Structures are given as structure tokens and as C-alpha cells.
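Summary of the model geometry
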Amino acid sequence: MREWADFSWQDGEGGNGGGAIALHGPLLISSVGPLDRQLRALDQPVTSIDLSNAGQIDTVGAWIVWRLAERYGAEITGAGDQATRLLEVVQGAQSTADIRPPHRSLPVRIFGDFGRFMAGLGHGTMRVIAFLGAIVLAFGGMIRHPRRIRGRAIVRQMELVGVASLPIVGLMSFLIGIVIAQQGAAQLSQFGAESLSVNLVGRLTLRELGVLMTAIMVAGRSGSAFAAQLGTMKLTEEIDAMRTIGVAPLEALIIPRIMASVLMMPLLGFYASVIAILGGAVISDLTLGVPAISFLLRVREVVPIYDLYIGLIKAPVFGLIIGLAGCYQGMQVEGNAEEVGLRTTQAVVQAIFMVIVLDAFFAVFFSNLGWN
Amino acid sequence: MASDPATIAPPPEAQDIVTDRYDGKYPIVIEGLQNAFGENVIHEDLALKVRRGEILGVVGGSGTGKSVLMRSIIGLQRPTAGKIEVFGRDITSAGPDEIIGVRNHWGVLFQGGALFSTLTVAENVEVPMKQFYPELTAELMHEIARYKVVLTGLPGEAASKYPSELSGGMKKRAGLARALALDPELLFLDEPTAGLDPIGAANFDKLIRDLADTLGLTVFLITHDLDSLYAICDRVAVLADKQVIAVGTIPELLESDHPWIQEYFNGPRSRAARDSRDRAAETTVAGDGDAHAQPAPALHDKITGA
């Protein structure tokens, strides 16, 4: 059972409303909670505080006694050696400083935050363009001086972005192929046109879904990894260390990552489309009564070759966006660990958003070219 | 808010908290301690007793397990064998919840300060209070946080700053303020002066000595800083050969003929530290008795001596 600190009150003489307080029990951080509440609620002045019956005391107990004495100009009596020493300590350490940075009023916050958001939007756009420019420059420099190309780093990143994501991209695509074929057949059967589900699977995956879903997966897997890695390296000053040694982070860290995602996206997108068509073939063999082999042969007849071109043209652009967003956000990290998380989230959200917006543009663009 | 460290563990029941301050002789007693990481044995049959009210310096070469020893005592590292008693309670066999009764009686300053980066300095100091003593009013906690910040030598305005806005030395002081938040009886310091300039380090040493004297702290101090050893430690424990090979005052240790101790305390850096301590001692009033209660080499002494 905890022993709480307590006090007794004695009215002073003269009827001026003052009184003497005698504290008893331990005056420790673990025991003064209720005492502090009661003393705060006091509505009468205190003329003296008696500590002779108090038990052990720590700085928190001393603080409460001293604060009370200070508030009413009361006299402290009966303090032992330890109490006297601690009273001196807390008296020398009093402070009225804020414990949080000052709070701004609501209108200031609304306009301030809005202004900062708009300015940030402008600066952000400028910085992204500057970042892109720096990458193009560095890339040009690397083409002129091929010895600066970091083959090993590029291959390593290609492995991480591409090879390592084969299983998950494959599984995802296979399931998507199954869903499209099965759902497509269910709807088309109302018109007696189940066989058209081949067109649905073949054209949809090669033209749109294969690359789009892969881009979303790569943004989640690799874009976030880029941002988190680079952000952590910035926090631990690794990137500053590289600069002082004369290694350009742009060449050593960023270009390999962006190149890896640009190069691997078409391959992954094509792979995803193929697996999705396989998934469609398997499900049609099992449930629709169309043999898998005739499903695949039919795909060759109904899918125009430009569907494949469309997918393969979009893929490296998506890869560029994912790589740029990840690396840019990673390089923007300043300060603390929370920032790494925020920037990583932003990298993924921005990448997926931009990929979907661009995909819509591409759809209109290629339709106008006559590639329907 | 999920990132608020105070919400990670549920606060202990108010009745479970041990309020009594420890009045035995040895707040830390270690017997037969063994720590091993796989094949790699760090400690073997290690024994150590820390006396109440002393500043015990712990020294040893890199990799001798000073930090592992500290982590074992504060329950972050479960030893493979042996017994550790803190305030007379066996913490090696206790579950995490049972250690809570002891945790509010010690404070720990980690090497980098280990401040919660999303909270201000004052909020950092309030975290342990909120965790252990939820009955305290918010105003009292703010007041306590403020004076603890000033107590550790920070300017009052530092209370509202975030850790990323502080210099390395200020982070250590802020970490110390958090370690002192609950008025602990036992303070663990892991290389508190590492990375500080000599003036900052001397000031920090003096601060620790002063706080230990006024607040009656027992301090477990891991250090590589010879100046700290000479200036503030009552006794020094030497870690080598997987054990504490010697504990005693520095003159006692100098008697030892263990090669590592000889090399450590008779090396050029050690002699320089001893000389500066002696010079500091000469300038203060003679006949003070306890040489180890002397403050760190005085500030002006260091500057004029350079």
C-alpha cells in the first residue's frame, strides 16, 4: 500500500484568514500527487509551513514546499539537512519557460499553413525539376565518361527491383488473369459471348493492367525502399561523407536506382502480362471448358501487336516516375526518424498517383494515334 | 497518438509502486554473472557490489562488455547465468512487470541521449512521470520538467526545443534531465562525456558530482574519460578478462600489478589527467579531506593552463 503525503491546517491568530500548514508523510514524487492537488485548491493564505513531521523528501517534494512558500511568502520551519539542501537546489532551478514551442492563433495558423502549402507546392515543383535536371546532367556526364558508370551498383539495384520482385509480381498477375477471365466470362455469357473473354484478358493485361499493377507493386516495394534507404543515409550523414570523399551521391546512389527501375519496369510489365494470360488460360481450361492451348492460340489472333507496344512504351516512363519520386523524397529527409516515414509514404503516394494520371493520358494519346 | 512512447506499455497499478527509498548498503549486487552471445562469452563469473551513495566508474578496453554489464543490470539484456540484485530485489529471475517496481528508482542516460525525437525536451522529461505517476497534475509535471531542465544546466528555454534543435552536449544534458525525472536513487550513465569538448566535459563531470552529492545519488558511470575518473569517481571498477578484476580507489588500483591496469593508469594520458587533477586540488582550499569530492578541474584553470 502506498503511503501518501498529507497536511494539517491550523488557523492563524488575528483572524486575517491566514494559517499554518504542517506536512506529514513522505514528500516524494511517488507520494505527493494528492497533496499537490489539495494545496493547489487552497483558498486561504499560508503563513508558515512546518516540515518537522515530514518523512523522506526528494526534489519534487521540495519543489511543492518551495512553490507554496513562494506563493504566499510563507516561512518554512523544521526543515532537516536534506530538505534544506533540496530547497536550495529547486530554488536555484526555477524557470517559467514554455514547455512547447509557442502556439499560433487559429487565423494565423490557417493563413500561415495555406501560404506555406502553396509556397511549398511551388518550391517543390521547382526542386523536382531541378532534381530531374541534375539527373539528366549527371547522366550526360556518365555517357561522356563511361568509366563513371557504376555497373555493379546498377546490377545490384536491378536485382533488388526486378529479380527479387518476380515471385510477388507473378503471383499477383496470375490471380488478376484468373479474376478477369472468370468475371469476364460470367458477364459475357449473358450475350452468349464467353469466348470473348480471351480478348478481354489478352488485350487488357498487355495494354493496361500488366504494366499498371506492376508499377503499383514496384512503387510499394522499391520506391519506398529508395526513399527509406536514402533518407536514413542522410540522417546518419553517410551522404555528406560521400560528398566529402568526392563521390557524387547522384552518380553512386540515385542514377543506379533510377536506371534499375527504368530498365526493369518493361521486363516486369511484360512478364506480368504473360503470367496474367497464363492465369486466364488456366481458369478457362478448368471452368469454362476452353482448353488452355486454344486460349493461348486465340490470344495471338485477337491481340494486335500494338497492344504490346503500348505496354512497353509506358513501362519505362512509369519506372522513371517511381525512381524519381523515391530518390527525390529520400534526399529531402532532414532532422529525425519521423521524417523518414513521412517521406517514404509521400514517395509511394506520389509515385502511384502520377503513374495513374499518366496512364490516363497515355490511354487518350494512343487512342488518338489509332491504336484502338 | 501511436508514436507517443508513454502509451506503449500500460501504466502500472498505483498500488504496485514501491515508494520507499532504499536504505541498504549495496543497491547493486552482482554474483556469478555470465553473458554470452552464441559462442562469444562476454562475462564469466563476474561479481560486483556498488555501495550506496558512491560514484562508481567502470572502465575497460573496447569490447570488454561495459555496456552489456549495464544493460544486464537494467534488465535490457537477460544474462545466461548468475544473479543481479538491484535494491535487494533479484531482477534476473523477475518478469518484466516485476522490474517495474524497481524501474522508477533508477534513471538511465544512454550514450547518444536517446531522446524521443517527436517530443520536446520538457515532454521527454514528462514521459517517465506520466508512465509511473499518472496521479500527478499536468501543472506539477510541467513545473517539475522545467526545473529539471534548469537543474541539468540547460537554459530554461531549451525545454520547448525538439532534440534535433539541440547540440550534442545539450542532448546529453536533456537526456540527464529525463534520467533524473523520477528523482531516482540510482543513475546509470553510459559514457556521458564522450564527444564533448574538454570544457563541456569538465562541466558535465562537475554537474554529475554536484547532483550526486545534493540528491544523494548512487552513480554507475561507464567512461573512457580519464579526467572523469580522477575528478568525480569515488571508486573505479576495472573490467578485463571477462570479469571485474579490481575495484577500488585509483591509488588502490595503482598498487595492482595487472598489466592492463598498469598500462591504463600509468599511460601518458592518465598521467596528464592526474596532473591536472592535482593542480586543480592545489588551487582549492586545503584540508578538505576527501580528495574525490573535489570538483572537476576548474574552468578557468583549464583555460589558463592551455
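Residues numbered from 1 in each chain as written. Chains lettered and ligands numbered in written order. Predicted model: local features only at pLDDT ≥ 70, side-chain atom pairs only at ≥ 80, totals over all residues. Heavy atoms only, no water.

Another point: the UniProt feature "transmembrane region" (unreviewed entry) in chain A. Residue and element names in this part refer to chain A. With numbering aligned to this structure, UniProt lists the feature "transmembrane region" (unreviewed entry) at residues 117–139, 160–181, 270–297, 309–331 and 351–371. Segment residues 309–331 splits into 100% helix and 0% strand. End C-alpha atoms: 34 Å apart. Helix makes up 86% of residues 351–371 and strand 0%, and the two end C-alpha atoms of the span are 26 Å apart. (UniProt positions renumbered as here; feature names shortened; annotations may be inferred. Helix = DSSP H or I, 4+ residues; strand = E, 2+ residues; numbered from the N terminus.)

Trans is the prevailing form of peptide bonds, just as negative phi is the prevailing case for residues other than glycine. Phi at E237 of chain A is positive, roughly 65°, even though this residue is not glycine. With relative accessibility at 53%, the residue E237 of chain A sits in the exposed group. Here K242 of chain B, not a glycine, exhibits a phi torsion of approximately 65°, which is positive. Tracing the backbone shows K242 of chain B in the loop between β9 (235–240) and β10 (243–248). (Buried < 20%, exposed > 50% of the residue type's maximum accessible area, 1.4 Å probe, protein only.)

What follows is about the sheet that holds strand β5 (residues 89–90) of chain B. Residue and element names in this part refer to chain B. Strand order in this open sheet of four strands is β2-β1-β4-β5, and the pairing throughout is antiparallel. Each having just a single partner strand, β2 (40–50) and β5 make up the two edges of the open sheet. In the sheet, strand β1 (residues 28–37) pairs with strand β4 (residues 81–86) via five bridges, with the strands oriented antiparallel. Opposite Q34, over in β4, you have A81 as the bridge partner. (Pairing = 2+ DSSP bridges.)

All names here are of chain A. The end-to-end C-alpha separation of helix α6 (residues 166–188) is 32 Å, in line with the 33 Å expected for 23 residues at 1.5 Å each. Taken residue by residue, α6 has V169, G170, M172, S173, I176, G177, I180, A181, G184, A185 and L188 as its buried positions. Residues of α6 that are buried make contact with α7 (197–235) and α9 (249–288). (Expected span 1.5 Å × (residues − 1). Contact = heavy atoms within 4.5 Å.)

Quick look at the interface of chain A and chain B now. Contact with chain A, which involves 37 residues of that partner, is made by 37 residues of chain B. Of the roughly 3,300 Å² buried where chain A meets chain B, counting both sides, 61% is carbon and sulfur surface. Viewed at the interface, chain B and chain A are joined by three salt bridges. With a shortest N-O distance of 2.2 Å, R100 of chain A and E123 of chain B are connected by a salt bridge. Here chain A and chain B share 12 residue pairs in polar contact (both at pLDDT 80 or more) between them. Elements with a contribution of two residues or more to the side of chain A that touches chain B: α1 (33–40), α2 (59–72), α3 (81–92) and α12 (337–368) of chain A. (Buried area = accessible area lost by both parts, 1.4 Å probe. Salt bridge = Lys/Arg side-chain N within 4 Å of Asp/Glu carboxyl O. Polar contact = N/O pair within 3.5 Å; in protein donor to acceptor, adjacent residues only side chain to side chain.)

Here the focus is the nonpolar core. By size, the foremost hydrophobic cluster in this structure holds 87 residues, and its most contacted members are I49 of chain A together with F265 of chain B. Setting aside chain neighbours within four positions, we find I49 of chain A in contact with I21, L23, V65, L68, A69, A74, E75, I76 and T77 of chain A. Counting residues in hydrophobic clusters, the runner-up holds 38 residues, among them A138, V211, I322 and F366 of chain A. (Core = buried A, V, L, I, M, F, W, Y, C linked by side-chain atoms within 4.5 Å.)

The next point concerns empty space enclosed by the protein. By the definition in use, this model includes four cavities of 30 Å³ or more. The wall of the largest cavity is formed by 13 residues, among which I29 and S30 of chain A together with R21, H105 and L182 of chain B lie closest to the centre. Taken together, the residues of the lining of the largest cavity sort by class into five nonpolar, four polar and four charged. A volume near 50 Å³ is recorded for the second largest cavity. (1 Å grid on protein atoms, 1.4 Å probe; cavity = no way out; pocket = protein on both sides within 12 Å on 5 of 7 lines; lining within 4 Å. Points joined across faces, edges and corners; volume = space filled by probe spheres on them. Nonpolar A, V, L, I, M, F, W, Y, C, P; charged D, E, K, R; others polar.)

Before going further, it helps to spend a moment on the confidence of the model for chain B. Residue and element names in this part refer to chain B. In this model, chain B carries a mean pLDDT of 78, and residues with pLDDT of at least 70 account for 82%. Counting interchain partners and residues more than four positions distant, the pLDDT-below-50 stretch residues 1–15 has 15 contacts. Within the model, pLDDT remains below 50 along residues 285–306, and this stretch shows 28 contacts once partners closer than five positions in the same chain are excluded. Across the interface, the model reports ipTM at 0.73; the global pTM reads 0.69. (pLDDT = per-residue confidence, 0-100.)

With that out of the way, let us pick up the pattern of salt bridges. All chains considered together, the criterion is met by 22 salt bridges over all chains. One salt bridge connects D307 of chain A with R207 of chain A, and the closest N-O pair in it is separated by 2.9 Å. Highlighted residues: D307 of chain A in helix α11 (residues 305–331) and R207 of chain A in helix α7, separated in sequence by 100 residues. According to the relative accessible area criterion, D307 of chain A is buried, its value standing at 0%. R207 of chain A gets classed as buried once you look at its relative accessible area, which sits at 14%. Of the charged contacts in the structure, one is a salt bridge between D359 of chain A and K314 of chain A, with a shortest N-O distance of 2.8 Å. Here K314 of chain A lies in helix α11 and D359 of chain A lies in helix α12, a separation of 45 residues in the sequence. Residues D359 of chain A and K314 of chain A agree in their burial class; the two are buried. A network of salt bridges, in which partner residues are shared, links D36, R40 and R67 of chain A together with E143 of chain B.

Attention now goes to the packing of aromatic side chains. All names here are of chain A. On inspection of all chains with the given rule, the structure shows 14 aromatic pairs over all chains. Their ring planes at 40° and their centres at 5.7 Å tell us that W63 and W66 sit as a pair that is tilted. Of this pair, W63 and W66 both sit in helix α2, three residues apart, which is roughly one turn of that helix. Classification of W63 by relative accessible area gives buried; the value is 6%. Residue classification places W66 among the buried positions, given a relative accessible area of 8%. With a centroid separation of 6.3 Å and 65° between ring planes, the pair formed by F318 and F362 is classed as edge-to-face. Highlighted residues: F318 in helix α11 and F362 in helix α12, separated in sequence by 44 residues. Considered together, F318 and F362 belong to a single accessibility category, that of buried residues. (Phe/Tyr/Trp six-rings, centres within 6.5 Å; stacked < 30°, edge-to-face > 60°.)

It is worth spelling out the sheet that holds strand β7 (residues 186–190) of chain B at this point. Residue and element names in this part refer to chain B. Judged by pairing direction, the sheet is mixed, and its six strands sit side by side in the order β6-β7-β8-β3-β9-β10 without closing on themselves. Both outer strands of the open sheet, β6 (106–109) and β10, are each paired with one neighbouring strand and no more. Here the average twist between neighbouring strands, direction ignored, is 15°. By the bridge criterion, five bridges tie β9 to β10 in an arrangement that is antiparallel. Across the sheet, the residue bridging to V238 is A246, located in β10. On the sheet, helix α1 (residues 66–73) packs against β3 (55–60), β6, β7, β8 (218–222) and β9 and is oriented at approximately 145° with respect to β8. Strands β3, β6, β7 and β8 of the sheet are contacted by helix α6 (residues 198–215), whose axis makes an angle of about 140° with β3. (Axes fitted to C-alpha atoms, helices over the stretch in contact; angles between N-to-C directions.)

Turning our eyes to something else, we now look at the layout of surface pockets. Residues and elements named next belong to chain A. In this structure, the second largest pocket spans a volume of roughly 720 Å³. Lining the second largest pocket we find 22 residues, and of these G124, V128, Y328, Q329 and Q350 sit closest to its centre. At the level of elements, α4 (106–144), α11 and α12 are the ones that each hand at least two residues to the lining of the second largest pocket. Tallying contributions element by element places α4 first for the lining of the second largest pocket, with 10 residues. The residue inventory of the lining of the second largest pocket, partitioned by class, reads 14 nonpolar, six polar and two charged.

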